[in-house]
Amino acid sequence: TNNKTIYDQLFLITKSCGAVPGPMDCFLALRGIKTLDLRMKQHCKNAIQINEFLSNLEFIDKIYWPGRSDHKNHIVAKKQMKHFGGMLSFTLKNDSFEDAVKIISNTSLFKLAESLGGVESLISHPASMTHASIPKEERLKNNLSDSLIRISIGIEDCSDLIADLNQAFKK
């Protein structure tokens, strides 16, 4: 680039992070890319079933997943994607912080974590985890309710995942 500002930013990133990934990172990326298509298909297939399961529960308020026709970006997602991914969020009708914490604390297959994109299913509660330091009023302005639960749906057997969610809801 001939833009000094961009050059300085890129130079800092290169100096602090390195210009190329290490050998192990390259090996893992190469290995993972070979099964990416299979993993994504299962990830998306599971998301469809979990969306259906959650849709039939009377205490679930909203479900955020681009595969739903009522999702604000459904039409765009439909144009851009073959499937709709496995990231899904939902809220509880009572919007209870405490109930959301109980749910995320009582799953066994869904691991409590803030990460995403692995083969294992993860669950998180932004109000008590990633966004806990943000005042409630600010969270609400950005549609981060007290009961919002986020799940990254993995490739496990979906009937096991649904059973895990079901037992967590009942506790």
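Each remark here, short or long, concerns the structure printed above.
Description of the structure in this document. (Residues numbered from 1 in each chain as written. Predicted model: local features only at pLDDT ≥ 70, side-chain atom pairs only at ≥ 80, totals over all residues. Heavy atoms only, no water.)

A closer look at a nonpolar patch on the surface
Phase 1: A surface patch of nonpolar side chains, amounting to about 370 Å² of accessible area, comprises Leu-30, Ile-33, Leu-36 and Met-40.
Phase 2: Secondary structure elements with two or more residues in the nonpolar patch: helix 2 (23-33) and helix 3 (36-55).
Phase 3: Residue position: Leu-36 is located in helix 3.
Phase 4: The exposure class of Leu-36 is partly exposed, given its relative accessible area of 36%. (Patch = residues over 30% accessible without salt bridge, like charges linked within 9 Å, V, L, I, M, F, W, Y side chains within 5 Å. Areas by Shrake-Rupley, 256 points an atom, 1.4 Å probe, with all protein chains shown as cover. Salt bridge = Lys/Arg side-chain N within 4 Å of Asp/Glu carboxyl O. Helix = DSSP H or I, 4+ residues; strand = E, 2+ residues; numbered from the N terminus. Buried < 20%, exposed > 50% of the residue type's maximum accessible area, 1.4 Å probe, protein only.)

Regarding the packing of aromatic side chains
Phase 1: A full pass over the atoms with the stated rule returns five aromatic pairs.
Phase 2: Here the aromatic rings of Trp-65 and Phe-84 are separated by 5.9 Å at their centres, their planes lie at 75 degrees, and the arrangement is edge-to-face. Linking Trp-65 in the loop between strand 1 (60-64) and helix 4 (74-80) with Phe-84 in the loop between helix 4 and strand 2 (87-92), this pair joins segments that are 19 residues apart in sequence.
Phase 3: Residue classification places Phe-84 among the buried positions, given a relative accessible area of 18%.
Phase 4: Put simply, the rings of Phe-53, Phe-59, Phe-90 and Phe-169 pair up and form one aromatic cluster. (Phe/Tyr/Trp six-rings, centres within 6.5 Å; stacked < 30°, edge-to-face > 60°.)

Points about the pairing of strand 2
Phase 1: When you tally the buried positions in strand 2, you get five out of six residues, the bulk of the element.
Phase 2: One ladder, built from three bridges, connects strand 1 with strand 2; its direction is antiparallel. Across the sheet, residue Tyr-64 finds its bridge partner in strand 2, namely Ser-89.
Phase 3: The pairing of strand 2 with strand 5 (residues 149-152) spans four bridges and is antiparallel. Bridge pairing in strand 5 links Met-87 to Ser-152. (Pairing = 2+ DSSP bridges.)

A few points about the side chain of Arg-139
Phase 1: Within the secondary structure, Arg-139 is located in helix 6 (residues 136-141).
Phase 2: On the basis of relative accessibility, which here comes to 7%, the residue Arg-139 falls in the buried class.
Phase 3: Sequence-distant contacts of Arg-139, that is, excluding residues within four places in its chain, are made with Ala-127, His-131, Ala-132, Ile-134, Leu-144 and Asp-146. (Contact = heavy atoms within 4.5 Å.)

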